[in-house]
Amino acid sequence: MKLLTLNTHSWIEESPLEKLEAIKVQLLADSYDVISLQEVNQSMDAEEAEVDSFFIAPNQDTVIKKDNFAFLLQQELKKEGLEYYWSWVPSHIGYDQYDEGIAILTRFKVTNARGILLSRKDDYTDYHTRKALEVSFQASERNYLVYGLHLSWWQDETESYPFLYEWNKLVEAWEAEARAGGCILLMGDFNNPAHIEKEGYSVVSKHPHLKDAYLDATVKNGSHTVVKKIDGWENNSDLLRIDYIFVSSNLSVYSYETVFDGRTTPVVSDHFGVKVEIG
């Protein structure tokens, strides 16, 4: 099974339609089975889109606008014969003009999707409000729960340890399924670097039901996903690995690779993507 996570920074990037096209080309080339996208934006004042039966709404009141980045991508792929079930949940207003959220696209028929409030904050106008997108499906006679994530920093200016609070809420959502032998995939931007000890990455990586795909992969090609100062990391001078795919301990990881990093695939965001193959 091929997995991809990418913080798209959609509509904020220069030449966003060209970058949407570049993402489409790469997805057509690799035919991923599960894709998690973060910072998937749509204009708040855009017209409502007419979605097809491949869209699985996480909430009854979810509205997809015509410029929703994931919707446009899904429609373009469908024109090329690559069909994805997909879902999208908004978390908060981004850049004063967008509904900002998380999308998951999968080749497998989705049996359920839901948005889960993770943060203490529940104010749509506040970017500290964070949600997870949960999608479930069956593949190879196994039950999968996939979580698209864009989590908070370990510390911020408004509250203590927001990441830890969100992490504990997330574990509540999937731990029972993991104990029952289900397969868990956590995919997204965790905003916690792997090289900093005793913070968010350490908490996640020590969970007994999970493993970091990067560490477990037989073949590795690339590692870090942020190389410069970006939104939320304005003082950064390090190479950061903050975008992850964590998988259940009962899954094998064959390969890990950074994509959209300027090597063999173009840079399309302020984050690189992560491509993982599991079995």
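As a reminder, the structure under discussion sits directly above these lines.
The rules behind these values
Residues numbered from 1 in each chain as written. Predicted model: local features only at pLDDT ≥ 70, side-chain atom pairs only at ≥ 80, totals over all residues. Heavy atoms only, no water. Salt bridge = Lys/Arg side-chain N within 4 Å of Asp/Glu carboxyl O. Helix = DSSP H or I, 4+ residues; strand = E, 2+ residues; numbered from the N terminus. Buried < 20%, exposed > 50% of the residue type's maximum accessible area, 1.4 Å probe, protein only. Pairing = 2+ DSSP bridges. Axes fitted to C-alpha atoms, helices over the stretch in contact; angles between N-to-C directions. Contact = heavy atoms within 4.5 Å. Core = buried A, V, L, I, M, F, W, Y, C linked by side-chain atoms within 4.5 Å. Polar contact = N/O pair within 3.5 Å; in protein donor to acceptor, adjacent residues only side chain to side chain. Phe/Tyr/Trp six-rings, centres within 6.5 Å; stacked < 30°, edge-to-face > 60°. Lys NZ or Arg CZ within 6 Å of the ring centre and 35° of its normal.

Peer 1: Would you take a moment to explain the pattern of salt bridges for this structure?
Peer 2: A side chain of one charge can pair with a side chain of the opposite charge when the charged atoms of the two come close. A full pass over the atoms with the stated rule returns 17 salt bridges. We note a salt bridge from K2 to D30, for which the minimum N-O separation is 3.9 Å. Placement of the pair is K2 in strand β1 (residues 2-7) and D30 in helix α1 (residues 16-30), with a sequence separation of 28 residues. A relative accessible area of 25% places K2 in the partly exposed class. Notably, a salt bridge pairs E175 with R179, separated by 3.8 Å at the nearest N-O pair.

Peer 1: In this structure, what is going on with the pairing of strand β13 (residues 273-278)? I would like to understand it.
Peer 2: Each regular strand displays side chains that alternate between the two surfaces of the sheet. Most of β13 is tucked away: 5 of the 6 residues are buried. As judged from the 4 bridges shared by β1 and β13, these two strands associate in the antiparallel manner. Following the sheet pairing, L4 is matched in β13 by K275. Of the strand pairs in this sheet, strand β12 (residues 253-259) and β13 are connected by 6 bridges, and their pairing is antiparallel. Across the sheet, residue V253 finds its bridge partner in β13, namely I278.

Peer 1: Which parts of the structure should I look at to understand the sheet that holds β12?
Peer 2: Sheets are built from strands paired through backbone hydrogen bonds, the pairs being either parallel or antiparallel. Pairing is mixed across the open sheet formed by 7 strands, whose spatial order is β3-β4-β2-β1-β13-β12-β10. Only two strands of the sheet have a single neighbouring strand rather than two, namely β3 (85-94) and β10 (219-221). Across this sheet, the average inter-strand angle for adjacent strands is 20°, counted without regard to direction. Pairing of β10 with β12 involves 3 bridges; the strand directions are parallel. Each bridged residue has a counterpart across the sheet, and for N221 the counterpart in β12 is E257. Lying on the sheet, helix α2 (residues 69-79) is in contact with β2 (34-43), β3 and β4 (98-106); it crosses β2 at an angle near 125°.

Peer 1: What is the right way to read the nonpolar core from this model?
Peer 2: Note that soluble globular proteins tend to have their nonpolar side chains buried in a common cluster. Counting residues in each nonpolar core, the largest one holds 60 residues, and the members touching the most others are L3, W86, L185, V276 and I278. Judged by nonpolar contacts, the second largest core, of 22 residues, contains W154, F163, W174 and Y244.

Peer 1: What is the right way to read α2 from this model?
Peer 2: Residues separated by three or four positions in an α-helix point in the same direction, a consequence of the helix having 3.6 residues per turn. Burial in α2 covers these residues: F69, A70, F71, L73, Q74 and L77. Contact partners of the buried residues in α2: α1, β2, β3 and β4. At the N-terminal boundary of α2, the capping side chain belongs to N68, with an oxygen 3.0 Å from the backbone nitrogen of A70. Looking one or two residues past α2, G81 carries a phi angle of roughly 90°, positive in sign.

Peer 1: Teacher, can you tell me more about the packing of aromatic side chains here?
Peer 2: The relation between two aromatic rings is expressed through the spacing of the ring centres and the mutual angle of the planes. Tallied over the full model, the rule gives 15 aromatic pairs. Connected via pairs of aromatic rings, a cluster forms that spans F190, Y201, Y244 and F246. In this arrangement the basic side chain of R107 is found over the ring face of Y84, its NZ or CZ atom lying 6.0 Å from the centre. Stacked on the ring of Y214, the Lys or Arg K220 has its end atom at 5.5 Å from the ring centre.

Peer 1: Just to check I follow, could you spell out the side chain of R241 for this structure?
Peer 2: Residue position: R241 is located in the loop between β10 and β11 (243-248). Those residues within four positions of R241 in sequence are excluded, and the remaining contacts are N192, P193, A194, Y201, D212, Y214, S223, H224, T225 and Y256.

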